[in-house]
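Coordinate analysis (summary)
Spelled out from the first residue to the last, the chains are:
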Amino acid sequence: MSRHGFGGAPIGNLYQEVSEEQARATVDAAWDAGVRLFDTAPHYGLGLSERRLGAALKDRSGYVLSTKVGRLLVPASSSGGRDEQGFDVSADLQRVWDFSGDGVRRSLEESLGRLGLPAVDIALIHDPDDHMDQALAEAYPALAELRAQGVVKAIGVGMNQWQALLRFVQETTIDVVMLAGRYTLLDQSGLPLLEECARRGARVLAAGVFNSGILATPRPTGTYNYGPAPASVMERATRIAEICERHGVTLPQAAMAFPLRHPAVASVVLGARSPEEITANAALLSRPVPEAVWDELMSEELLPKE
């Protein structure tokens, strides 16, 4: 997997509309930048992200594609409204949680239809926070069977918390976890999960490395974990940015590089809605962060000592 993965939520109109032309240009820019890991989900724009990503990847080869199961898309009981889960799309469909074996198989089949592709490489159980028992007892065995049949190459789970992911790693034979926001410059709470993944050979896809925005600019701005940043967090982020600047490094550059220092992390998955974002992220990822940055952050107790 490429160190830089493409997150498909923004081209599913996350928060604001992205035109068809811009979505295609964004995926093309990712390809030209050497990105070969592409991630999407039915949840992203009620299938819009899958449709756009599949069209852009058609007739290409040599990439790794992941999508997710756990939410089925069914006709909405009423039409004409807008989606209320963060995507600027018409709510002609609605999401229905389903972590049953039949639901997993149906979800993957419908995803392939939207993608217009014969297969995906990775299938991830998506956000089973409130459905853990069913996800472990039904969704996981269904995916394991599909893996054994060669329908998918790898299976895993994607969540915003690490504790439930740790349970999956310990109790199943998943290949991949996608961890969002819990192993970043500001939040290393997911370290026990990464250590267990390293021991068991499971690969980690690190998402949410900007903690929803605060680390995405040279000086910390925006939200922290999708809410206003507490003063203590803003102060910590500012101190990290100042140390980075002293070494000629930007805050987002360090935010992208940090997760990749752990041996369990295979790729940093970054959402993008424009070619310019892709180009900027790829340029930052290509620049090594001096070891002195990490040494100073650890000496200042802004990162745990290795």
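In what follows, the structure referred to is the one given above.
All values reported here derive from a predicted model rather than from experimental measurement.

Things to note about the overall build of the protein
Secondary structure assignment for the protein yields 10 helices and 10 strands. The C-alpha radius of gyration computed for the protein amounts to 19 Å, which stays within 12% of the reference 19 Å derived for 306 residues, consistent with globular compactness. Its C-alpha atoms give the protein principal-axis dimensions of roughly 55 × 45 × 35 Å. For the protein, with 306 residues in total, the buried portion stands at 57%. When the accessible surface of the protein is totalled, it reaches about 12900 Å², and 50% of it is carbon and sulfur. Seen as two clouds, the 29 positive and the 39 negative side-chain charges of the protein have centres 3 Å apart.

Looking at the sheet that holds strand β6 (residues 122-126)
As summarised here, the arrangement of the 8 strands in space is β1-β2-β3-β6-β7-β8-β9-β10, forming a closed barrel in which the pairing is parallel. The average undirected angle you get between the axes of adjacent strands in this sheet is 25 degrees. Two strands pair when backbone bridges link them, and strand β7 (residues 154-159) and strand β8 (residues 176-180) are joined in this way by 4 bridges, in the parallel orientation. Bridging from a neighbouring strand, Gly-156 pairs with Val-176 of β8. Against the sheet, helix α6 (residues 191-200) makes contact with β8, β9 (203-207) and β10 (265-271), and its axis sits at roughly 165 degrees relative to β8, the strand it touches most. Across the sheet, helix α9 (residues 275-286) is in contact with β1 (4-7) and β10; its angle to β1 comes to roughly 155 degrees.

Thoughts on the pairing of β6
If a strand is regular, its side chains alternate between the two faces of the sheet. Of all 5 residues that make up β6, 5 are buried, and the element is covered over most of its length. The alternating pattern of β6 places Ile-122, Leu-124 and His-126 on one face and Ala-123 and Ile-125 on the opposite face, and all of these are buried. The pairing of strand β3 (residues 64-69) with β6 spans 4 bridges and is classified as parallel. Residue pairing across strands places Thr-67 opposite Ala-123, the latter belonging to β6.

Structural notes on the pattern of salt bridges
Enumeration according to the criterion identifies 23 salt bridges in this entry. The closest approach of N and O atoms between Glu-110 and Arg-106, which form a salt bridge, is 2.9 Å. With Glu-110 and Arg-106 both in helix α3 (residues 101-115) and 4 residues apart, this pair spans about one turn of that helix. Looking at Glu-110, the relative accessible area reads 26%, which means it is partly exposed. Here Arg-106 falls in the partly exposed class, since its relative accessible area comes to 38%. Overlapping salt bridges bring together Arg-24, Asp-28 and Arg-60 as one network.

Let's talk about the packing of helix α7 (residues 231-246) against helix α10 (residues 291-299)
Following both chains from N to C, one finds α7 and α10 inclined at 145 degrees, their axes separated by 9 Å at the closest point. The interaxial crossing formed by α7 with α10 has right-handed handedness. Side by side, α7 and α10 meet where Ile-240, Ile-243, Cys-244 and Arg-246 of the first sit next to Val-293, Glu-296 and Leu-297 of the second.

Observations concerning the packing of aromatic side chains
Following the criterion strictly, the structure yields 8 aromatic pairs and no others. Pairing Trp-97 with Phe-99 gives two aromatic rings, centres 5.8 Å apart and planes at 20 degrees, and the pair type is stacked. The class for Trp-97 is partly exposed, based on a relative accessible area of 41%. For the pair Phe-258 and Trp-294, a centre-to-centre distance of 6.0 Å together with 45 degrees between the ring planes defines the contact as tilted. Of this pair, Phe-258 sits in the loop between α8 (251-257) and β10 while Trp-294 sits in helix α10, and the two are 36 residues apart along the sequence. Judged on exposure class, the residue Phe-258 and its partner Trp-294 are both buried. In textbook terms, an aromatic cluster arises when at least three aromatic residues are bridged by ring pairs, as seen for Phe-6, Trp-31, Phe-38 and Tyr-63. A cation sits over an aromatic face here: Arg-60 above Trp-31, 4.9 Å from the ring centre.

The rules behind these values
- Residues numbered from 1 in each chain as written.
- Predicted model: local features only at pLDDT ≥ 70, side-chain atom pairs only at ≥ 80, totals over all residues.
- Heavy atoms only, no water.
- Helix = DSSP H or I, 4+ residues; strand = E, 2+ residues; numbered from the N terminus.
- Rg over C-alpha atoms; globule rule 2.2 N^0.38 Å.
- Buried < 20%, exposed > 50% of the residue type's maximum accessible area, 1.4 Å probe, protein only.
- Areas by Shrake-Rupley, 256 points an atom, 1.4 Å probe, with all protein chains shown as cover.
- Lys, Arg positive; Asp, Glu negative; His and termini not counted.
- Charge placed at Lys NZ, Arg CZ, Asp CG, Glu CD.
- Pairing = 2+ DSSP bridges.
- Axes fitted to C-alpha atoms, helices over the stretch in contact; angles between N-to-C directions.
- Contact = heavy atoms within 4.5 Å.
- Salt bridge = Lys/Arg side-chain N within 4 Å of Asp/Glu carboxyl O.
- Left-handed = near helix turned anticlockwise from the far one by under 90°.
- Phe/Tyr/Trp six-rings, centres within 6.5 Å; stacked < 30°, edge-to-face > 60°.
- Lys NZ or Arg CZ within 6 Å of the ring centre and 35° of its normal.

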